[in-house]
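Observations on the three-dimensional arrangement
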Amino acid sequence: MDKRLANSRIAELRKRIEKHDRLYYIDNDPKISDAAYDELRRELEGLEKAFPELVTDDSPTKRVGAPPRSSLPPAEHLMPMLSLDSTTSADEARAFDERLRKALEKDSVAYTAEPKFDGLSLELVYENGLLTRAATRGDGTTGEDVTPNVRTIRSVPLRLLSDPAPELMSVRGEALLPLNRFRELNRRMTERGEPGFANPRNAAAGALRQLDSRITATRPLTFFAYEIMKMEGALSPETHAGELAVLTGHGFLIDYHWKECDGIEEAIAFHARLTDARDELPFEIDGVVIAVDSKRARLAVGSRSRSPRWALALKFEPRKELTDVEDIVVGVGRTGKLTPVALLKPVDVGGVTVSRATLHNARDLERKDVRPGDRVRIKRAGDVIPAVVERIPVEGQKRKEPFAMPDVCPVCGSAVEAEGANHYCTGGLSCPAQLKRGIMHFVSKGAFDIDGIGGRTIESMVDLGMLDSVADLFRLDRERLLELEGFAEKSADNLLEAIERSKDVELARFIYALGIRNVGEHVAGLLAMQYGSLDAAAAATEEELTGIHEIGPEVAASVTGFFANERNRGTVKDLIAQGVSPRPPEKMTADLPLAGKTFVFTGTLEAITRNEAKRRVQGLGGRVSSSVSAKTDYVVAGNDPGSKYEKAVRLCVTVLSIDDFLSLVEGD
Ligand code: IVH
C-alpha cells in the first residue's frame, strides 16, 4: 500500500475505533462484536507498524501504554486545583446556604448536586482538541505528569469531539477503579501472593502513578469529568449544568446522577437518596458535592486560599457493619509501635471485604474492651484503615479473657516498653519487623527513592539474611540478587544502578530516610535547612532544636534520642562509608564556588578516593552524577577512562585530568 492510501485508511480506522470506544465506554451501548472491533484495531496496528511516521499521540493504539519512564515529572496546573470544604452535617449545609444567600442577596440559590467520586482528581489539558497533558492534583499548584498513563483510560477522549475544537481547554475530573475491577485486581494479586489494595482509591492511585503505562493499561480505570477549569477560543458555559452538557458534547463521560436543585433542601434530599443508593453504584462515592449552579454567582462569592466559597462536600457517614472478632494479634510498625489488630470474620462493607480492623493502641483496646469472640461494629471511611468502633454486647454470651498487650515483641522477642497510650518494641533495627519496614521507608519515594525493590523483595532479603541494616543495600551484589525470585539480569542491573544513583541524595531526604520517630518530610526539610550538614544536625541539642520554628519538645527529643543511640550512629557512619553523600539544600549552597556544576568521574583517580573526590565537590556546592549527559559540566578522567570519557568528548563536555581537578577544588 502506498503512503497516501495508508494515511487515509489510518484516519478512517481511527475514526471508527474512536466511535466504537465511545459507544462502549461512554454510552454503554456497543454496536459491534468484540471480534469485529479487534479486527479494526489489528488492521490499524499493522498499518502503523508499516508506516511509523504516521503514528500520532491521539491514535487509539496509544491506549495500550508506552515504554516506561524514569520518573513522573512535575506539572504545573493551568489553574490552581482547589479542594472542597466538607461536612457530614445537613445543618452545616444549611449554614453554607445561608452565607451564600446573604452574599448573593437572594432568597433562594440554585445549586447542582452530584456524587463526590472517591478517586483521584486529574487535570486534563487539550490544545486545539488534542489531549496534550494529564496531571495529578499534587499540592493543588503542581502535580505529577501522568499523560501516558491517562491515555490508557478508555473513557478519556484523546481528541475532543467538537469541531472546531477550543484552542485550549483544561478539564477536571476524577479517575477511579470500578468496584468489580477492583475486586478482580485484588483477586489476581492475592493469587500471585502480593498483598491487595485496601480500597479502590488506593488501587487507582497505584495504577495511575506507574512509570510503565503498560501496567496502567491493565488496570481498567474510568474517568468522570466534572469541571472546565479553563477555556480559550470557545464560549464558556454560564452554569454548571451547562458545563456538564458541554463536557458530554466533547465526548467525556459524565455520571448521570446529578441534579439541579432549587434551594438547599432539595440538595439535602438528594444526599439522603444517594446515601441509600450508593451501595448499588458500580463505583465508590463518599458524599455529594453541592455547588452554586451559576458561574457568575460563583465569581461573585469567590474562593478562599484552598477552597471555593461556592461549593461544599456533604459527605456520607462512614460505613458501618457488624461482625465477629476471631482473634486479636499485634502488628509491629516501622518505629516499633505495637498495634493491636482485630482479625474478623470477613464482612462486606460497601463492596470491600474487610477481614482486619485496627484497635489503634492499648488504651483504645481497653476503652472498647474488645476480646476475641466478641461482636463488634466496624467502620470504613474513605481511605482510612477499617477500625473497630465499638463492641456490641451479645446477651447470654460467655466472654473470653481480656486481651493484654504482650511484654515482649511478637516478632523479635525484645522487651516492650509503654509510652503514653502506645507500646513499643525496644529491639530497634535488630527487630526484623522494624528492619523490614525501616528499609521500605528508606527506599520510598520521599526518601532514597530507589526503584525496583518492593516490599516483598525486602521481606525475602531480610529473611535470607541479605539485609541486616539499610547500609547493606549498598553492599548488594549481582550474583546474590540473581538468586532471588523475580530477578533477571536486567532487573538486577537496574536495581543496582538505581541504588548507585541514590547515593547522591539531598540532606533532607537522607534525614527523612533514617526513619526518626516524629520526623516526616517536612521536619526533615527544616533540619536540613537549619543545619546544612548531617554532622551539625546530629550534634544539635534539644534546646537548639526547639528554637527552630515548628519544632516542639517531642520532635526534638526524638531527634537527639536517635543520634544518641550508638547503633543509629553506626548505621549513619556505615552509609557514609558506602559512598552515600547527603547534599546540603541548594539554597545554602547557592553562593559556593561549584554551585550548579555537575561532575562525573571516570577511570582510576589514584591521588584521591572516589568518595573523597565526591565529598570535595559537594562541599563546594557541586553535584556528582554517575552518567554523562549534555548537562554535565566536567568529566574528571583518571587512568583507563571508559565509555564515559568518549561520551564526554562527543558531547563537548570539559574533561579534567586529576591534577586539573585537584587544583580546581583546592581553589587555585
Ligand atoms: S467539584 C473547586 N465535583 O473531591 C473544587 N469535586 O476535596 C471543584 N471530587 O479533590 C471540585 N467528585 O477533585 C467536584 N463531583 C465532584 C467531585 C469532586 C470528587 C473531588 C475533588 C477534590 C475532592 C474534594
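Overview of the structure. (Residues numbered from 1 in each chain as written. Predicted model: local features only at pLDDT ≥ 70, side-chain atom pairs only at ≥ 80, totals over all residues. Heavy atoms only, no water.)

1. A short note on the overall build of the protein
- Looking only at helices and strands, the protein features 25 helices and 24 strands.
- The C-alpha radius of gyration of the protein comes to 29 Å, within 12% of the 26 Å expected for a compact globule of 668 residues.
- Dimensions of the protein along its principal axes, counting C-alpha atoms only, are 85 × 80 × 55 Å.
- Within the protein, the fraction of its 668 residues that count as buried is 47%.
- Contacts in the protein between residues far apart in sequence, at least 24 positions, make up 68% of those at least 6 positions apart. (Helix = DSSP H or I, 4+ residues; strand = E, 2+ residues; numbered from the N terminus. Rg over C-alpha atoms; globule rule 2.2 N^0.38 Å. Buried < 20%, exposed > 50% of the residue type's maximum accessible area, 1.4 Å probe, protein only. Contact = heavy atoms within 4.5 Å.)

2. Focus: the site of the ligand
- The ligand sits among 14 residues. The nearest are E114, P115, F117, R172 and Y226.
- Backbone polar atom of L84 to an oxygen atom of the ligand: 3.3 Å apart, as the coordinates give it.
- The separation between an oxygen atom of the ligand and a polar side-chain atom of K116 is 3.2 Å.
- Going through the elements one at a time, β3 (110-117), β7 (168-176) and β8 (222-232) are the ones with two or more residues in the shell around the ligand.
- A per-element tally of the shell around the ligand places β3 first, with four residues. (Near = heavy atom within 4 Å. Polar contact = N/O pair within 3.5 Å; in protein donor to acceptor, adjacent residues only side chain to side chain.)

3. Details of helix α9 (residues 264-277)
- Compared with an ideal rise of 1.5 Å per residue, which puts 14 residues at 20 Å, α9 spans 20 Å between its outermost C-alpha atoms and is within 8% of the ideal.
- Buried residues of α9: I264, A267, I268, F270, H271 and L274, and no others. Buried residues of α9 fall within an arc of 155° about the axis and therefore sit on the same side.
- The inward-facing, buried residues of α9 contact α3 (90-104), β3, β9 (259-262), β10 (285-292) and β11 (311-315). (Expected span 1.5 Å × (residues − 1). Arc of directions from axis to C-beta.)

4. A short note on the environment of I32
- As for its position among the elements, I32 is in the loop between α1 (3-26) and α2 (34-50).
- Note on I32: relative accessible area 31%, which makes it partly exposed.
- The sequence separation of I32 and H20 amounts to twelve residues, and the corresponding C-alpha distance is 7.6 Å.
- Leave out the neighbours within four places in its chain, and I32 touches H20, Y37 and L40.

5. A short note on the side chain of T222
- By the secondary structure assignment, T222 is in strand β8.
- Once you skip the residues sitting within four places of it in the chain, T222 turns out to touch I153, S155, E174, A175, L176, P178, R181 and L253.

6. Remarks on the sheet that holds strand β22 (residues 623-625)
- With respect to topology, four strands assemble into an open sheet ordered β22-β21-β23-β24, the strand pairing being parallel. Two strands bound the open sheet, and with one partner strand each, they are β22 and β24 (654-656). Along the sheet, successive strands turn relative to each other by an average axial angle of 30°, direction set aside.
- Across three bridges, strand β23 (residues 634-637) lies against β24 in parallel orientation. (Pairing = 2+ DSSP bridges. Axes fitted to C-alpha atoms, helices over the stretch in contact; angles between N-to-C directions.)

7. A short note on the side chain of E284
- The topology assignment puts E284 in the loop between α9 and β10.
- Taking the relative accessible area as the measure of exposure, E284 reaches 7% and is therefore buried.
- A distance of 3.2 Å separates polar atoms of two side chains, one belonging to E284 and the other to R319.
- Within polar-contact distance, the side chain of E284 engages the side chain of R380 at 3.2 Å.
- For E284, the residues in contact, after removing those within four places along its chain, are F117, D118, L176, L179, P200, R319, G350 and R380.

8. Let's talk about the nonpolar core
- Counting 54 residues, the largest nonpolar core has I511 and L527 as the members making the most contacts within it.
- Of the residues forming this core, the biggest block, six residues, is contributed by helix α17 (residues 521-531).
- Not counting residues up to four positions away in its chain, the partners in contact with L527 are I511, V519, G532, L545, I548, I551 and V559.
- Judged by nonpolar contacts, the second largest core, of 35 residues, contains L122, L131, A175 and L208. (Core = buried A, V, L, I, M, F, W, Y, C linked by side-chain atoms within 4.5 Å.)

9. Some details on helix α25 (residues 658-665)
- Every buried residue of α25 is accounted for by I658, F661, L662 and V665. Projected down its long axis, α25 shows its buried positions confined to an angular sector of 95°, all on one face.
- Turning to α25, the residues buried within the fold contact β21 (598-602), α23 (610-619), β23 and β24.

10. Focus: empty space enclosed by the protein
- A complete count under the given rule lists one cavity of 30 Å³ or more for this structure.
- Within this model, the largest cavity holds a volume of roughly 50 Å³.
- Surrounding the largest cavity, E114, P115, F117, A225, Y226, L244, I254, D255 and W258 form its lining.
- When contributions to the lining of the largest cavity are tallied by element, the ones reaching two or more residues are β3 and β8.
- Considering each element in turn, the lining of the largest cavity owes the most residues, three residues, to β3.
- Grouping the amino acids of the lining of the largest cavity by side-chain chemistry returns seven nonpolar, no polar and two charged. (1 Å grid on protein atoms, 1.4 Å probe; cavity = no way out; pocket = protein on both sides within 12 Å on 5 of 7 lines; lining within 4 Å. Points joined across faces, edges and corners; volume = space filled by probe spheres on them. Nonpolar A, V, L, I, M, F, W, Y, C, P; charged D, E, K, R; others polar.)

11. Points about the pairing of β23
- Of the two faces of β23, both are covered, the one formed by Y634 and V636 as well as the one formed by V635 and A637.
- Inspection of the sheet shows β21 paired to β23 by four bridges, in the parallel sense. Along β23, the bridge assignment pairs V600 with V635.
- For the segment spanning β23, helix α24 (residues 643-650) and β24, crossover handedness is right-handed. (Right-handed = clockwise from strand over helix to strand, strands pointing away.)

12. Examining the environment of G446
- Residue placement: G446 occurs in the loop between α12 (432-443) and α13 (455-463).
- The spacing of G446 and E366 is 80 residues in sequence and 36 Å in space, taken between C-alpha atoms.
- Ignoring sequence-local partners within four residues, the contact set of G446 consists of R509, Y512 and E521.

13. Here we look at the packing of α3 against α9
- Where α3 meets α9, the axes come as close as 10 Å, and the angle between the chain directions of the two elements is 150°. By the criterion of interaxial angle, the relationship of α3 to α9 is roughly antiparallel. Considering how the two elements wind past one another, α3 and α9 form a crossing that is right-handed. Judged by residue contacts, A90, A93, R94, F96 and D97 of α3 engage I264, E265 and I268 from α9.
- Split by residue class, the contact of α3 with α9 holds five nonpolar, no polar and three charged. (Parallel < 35°, antiparallel > 145°, perpendicular 65-115°, else oblique. Left-handed = near helix turned anticlockwise from the far one by under 90°.)

14. Notes on the packing of aromatic side chains
- This model, assessed by the stated rule, comprises 15 aromatic pairs.
- When the centroid spacing of 5.6 Å and the interplanar angle of 90° are considered together, the rings of Y126 and F252 count as edge-to-face. On the criterion of sequence distance, the pair formed by Y126 in strand β4 (residues 120-127) and F252 in the loop between α8 (240-249) and β9 is long-range, its members being 126 residues apart.
- Centre to centre, the rings of F224 and F283 are 4.9 Å apart; their planes meet at 50°, and the pair counts as tilted. (Phe/Tyr/Trp six-rings, centres within 6.5 Å; stacked < 30°, edge-to-face > 60°.)

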